[in-house]
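# A closer look at the structure
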Amino acid sequence: MECLDRIMGLSPVIPVMVIDDPDQAVPLATALYRGGLKVLEVTLRTEYGLQAIADIGQALPDAVVGAGTVITPDDVKTARQAGARFLVSPGCTPRLLASAQAEDIALLPGVNTPSEAMLLLEQGLRHLKFFPAETAGGVAMLKSIAGPLPQLRFCPTGGINPQNAASYLDLPNVACVGGTWMLDKRAIAAGDWDTVERLSREVAGLSR
Ligand code: 3PG
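Computed from a predicted model, the values in this text were never measured in an experiment. (Residues numbered from 1 in each chain as written. Predicted model: local features only at pLDDT ≥ 70, side-chain atom pairs only at ≥ 80, totals over all residues. Heavy atoms only, no water.)

## What about the overall build of the protein chain?
Counted only if it meets this: Strands are runs of DSSP state E lasting at least two residues, helices are runs of H or I lasting at least four, and both sets are numbered from the N terminus onward. Both definitions apply: the radius of gyration is a C-alpha atom measure, and the globule rule equals 2.2 Å times residues to the power 0.38. Relative accessibility under 20% of the residue-type maximum defines a buried residue, over 50% an exposed one, and the middle range a partly exposed one, all with a 1.4 Å probe and only protein chains included. In what follows, residue pairs with any heavy atoms lying within 4.5 Å of each other are defined as contacts. None of His or the chain ends enter the tally, which takes Lys and Arg as positive and Asp and Glu as negative. The location of each charge is read from NZ of Lys, CZ of Arg, CG of Asp or CD of Glu.
For the protein chain, the count of helices and strands is ten helices and eight strands. Rg of the C-alpha trace for the protein chain: 16 Å, near the compact-globule value of 17 Å for 208 residues, within the 12% margin. By principal-axis analysis of the C-alpha atoms, the protein chain measures approximately 45 × 40 × 25 Å. Looking at the protein chain residue by residue over its 208 residues, the buried ones come to 50%. The long-range share in the protein chain, meaning contacts at least 24 apart out of those at least 6 apart in sequence, stands at 61%. Within the protein chain, the 22 negative side-chain charges are centred at a point lying 5 Å from the centre of the 17 positive side-chain charges.

## Re the pattern of salt bridges
The condition is simple: Here a salt bridge means any side-chain nitrogen of Lys or Arg lying within 4 Å of a carboxyl oxygen belonging to Asp or Glu.
This structure, assessed with the given rule, holds five salt bridges. The partner of glutamate 2 in a salt bridge is arginine 85, with the nearest N and O atoms 2.7 Å apart. In this pair, glutamate 2 is assigned in the segment before α1 (4-10) and arginine 85 in the loop between α4 (73-82) and β4 (86-89), connecting sequence segments 83 residues apart. A salt bridge links glutamate 103 to arginine 80; its shortest N-O distance comes to 3.9 Å. Residue glutamate 103 is located in the loop between α5 (94-102) and β5 (106-111), and its partner arginine 80 is located in helix α4; the two are separated by 23 residues in the primary sequence. A relative accessible area of 22% means that glutamate 103 is categorised as partly exposed. Residues joined by salt bridges that share partners form a network here, namely Glu2, Arg6 and Arg85.

## Some details on the packing of helix α3 (residues 49-59) against α4
To keep things clear, this is the line we draw: Every axis in this analysis is a line fitted to C-alpha atoms, fitted for helices over the stretch in contact. Angles between the N-to-C directions lie between 0 and 180 degrees. When describing relative orientation, an angle under 35 degrees is termed roughly parallel and one over 145 degrees roughly antiparallel, while 65 to 115 degrees is termed roughly perpendicular and anything else oblique. It is the rotation of the near helix from the far one that decides the hand of a crossing: anticlockwise by less than a right angle makes it left-handed, clockwise makes it right-handed. Throughout this entry, Asp, Glu, Lys and Arg are counted as charged residues, while Ala, Val, Leu, Ile, Met, Phe, Trp, Tyr, Cys and Pro are counted as nonpolar. The remaining residues, Gly among them, count as polar.
Here α3 crosses α4 at 30 degrees, and the two axes come no closer than 8 Å. The angle between the axes of α3 and α4 places the two elements in the roughly parallel class. The chirality of how α3 crosses α4 is right-handed. Counting all contacts with α3, which are made through Leu50, Ile53 and Ala54, the residues of α4 involved are Thr78, Ala79 and Ala82. Classifying every residue of the contact of α3 with α4 gives five nonpolar, one polar and no charged.

## So, the site of the ligand
Stated formally: The rule for a residue being near a molecule or strand is that one of its heavy atoms must lie within 4 Å of it. For this analysis, a polar contact is any N or O atom pair within 3.5 Å, provided that within protein one partner can donate a hydrogen and the other can accept it, and provided that sequence-adjacent residues contribute only side-chain to side-chain pairs. Areas reported here follow the Shrake-Rupley algorithm with a probe of radius 1.4 Å; residue values treat only the protein chains shown as occluding.
Lining the immediate surroundings of the ligand are Arg45, Phe131, Thr157, Gly158, Gly159, Gly179 and Thr180. The side chain of arginine 45 places a nitrogen or oxygen atom 3.0 Å from an oxygen atom of the ligand. Interatomic distance of 2.7 Å between a backbone N/O atom of glycine 159 and an oxygen atom of the ligand. Relative to its unbound accessible area of 310 Å², the ligand is 75% covered by the protein chains. Residues belonging to the shell around the ligand are distributed by class as follows: one nonpolar, five polar and one charged.

## Section: the pairing of strand β2 (residues 39-43)
Which entries qualify depends on this criterion: Following DSSP output, two strands are said to pair if at least two bridges run between them. Note on handedness: a clockwise path from strand one over the helix to strand two, with the strands aimed away from the viewer, defines a right-handed crossover.
For β2, a buried count of five out of five residues is recorded, marking the element as mostly surrounded by other parts of the structure. Going residue by residue along β2, you find Val39, Glu41 and Thr43 tucked away on one face and Leu40 and Val42 tucked away on the opposite face as well. By the bridge criterion, two bridges tie strand β1 (residues 13-17) to β2 in an arrangement that is parallel. Residue pairing across strands places valine 16 opposite glutamate 41, the latter belonging to β2. Taken together, β1, helix α2 (residues 25-34) and β2 constitute a β-α-β crossover, and its handedness is right-handed. For β2 and strand β3 (residues 64-68), the ladder comprises five bridges, and the chain directions are parallel. The residue of β3 that forms the bridge with valine 39 is valine 64. Following the chain from β2 across α3 to the adjacent parallel β3, one finds a crossover that is right-handed.

## What about the environment of serine 11?
As for its placement among the helices and strands, serine 11 is situated in the loop between α1 and β1. We classify serine 11 as buried; its relative accessible area is 1%. Spatially, the C-alpha atoms of serine 11 and glutamine 24 are 22 Å apart, while their sequence positions differ by 13 residues. Those residues within four positions of serine 11 in sequence are excluded, and the remaining contacts are Gly36, Leu37, Lys38, Val39, Cys176 and Arg208. Separated by 3.0 Å, the side chain of serine 11 and the backbone nitrogen of lysine 38 make a polar contact.

Spatial relationships are all this shows, so hold off on functional conclusions.
Set out below in structure tokens:
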């Protein structure tokens, strides 16, 4: 099983990719990777997600490609078969956790309360997504959690933007952040991969 501590340490930002056009998956991932984003999350939110994970994994073997929006045990299985190296979920259920453990694949589950975090800590998880970060209390909430639960490391996602990313990355319990803000829709629609690469280089340069 991949080590989430290592994956979350590879880049300060994990782009959350929603693939609407299957032909764009590899060029988009290549631009992000060239810009310095080594970890890519491809959501299973569209019908092209699984194929995109397989295609990107083949085209960019050194990138770490994970599946996002993993909700069901079936998602866990199909994402793993497609080559996902880790899974991200907006929340967690006992069935989801059990199936990730049975498939021996790293799961980054979403939480936004201390009790949810403690339930997963009891199961041995220390790496969690904090979702939806901005609406669930943002930087102030994560600061409050760091006191009683310093062993946890978070990837805040949801509402992260160029104005607030640095303040999340400054926190001792934040390993990296996730989001879509660097995925410029106009550039992607135009196939302007140089712009995507430049934007990704900007966020890859954020310090922790
Ligand atoms: C999502 O739900 O798509 C992710 O959390 C990304 O959220 P964002 O678009 O606010 O970055």
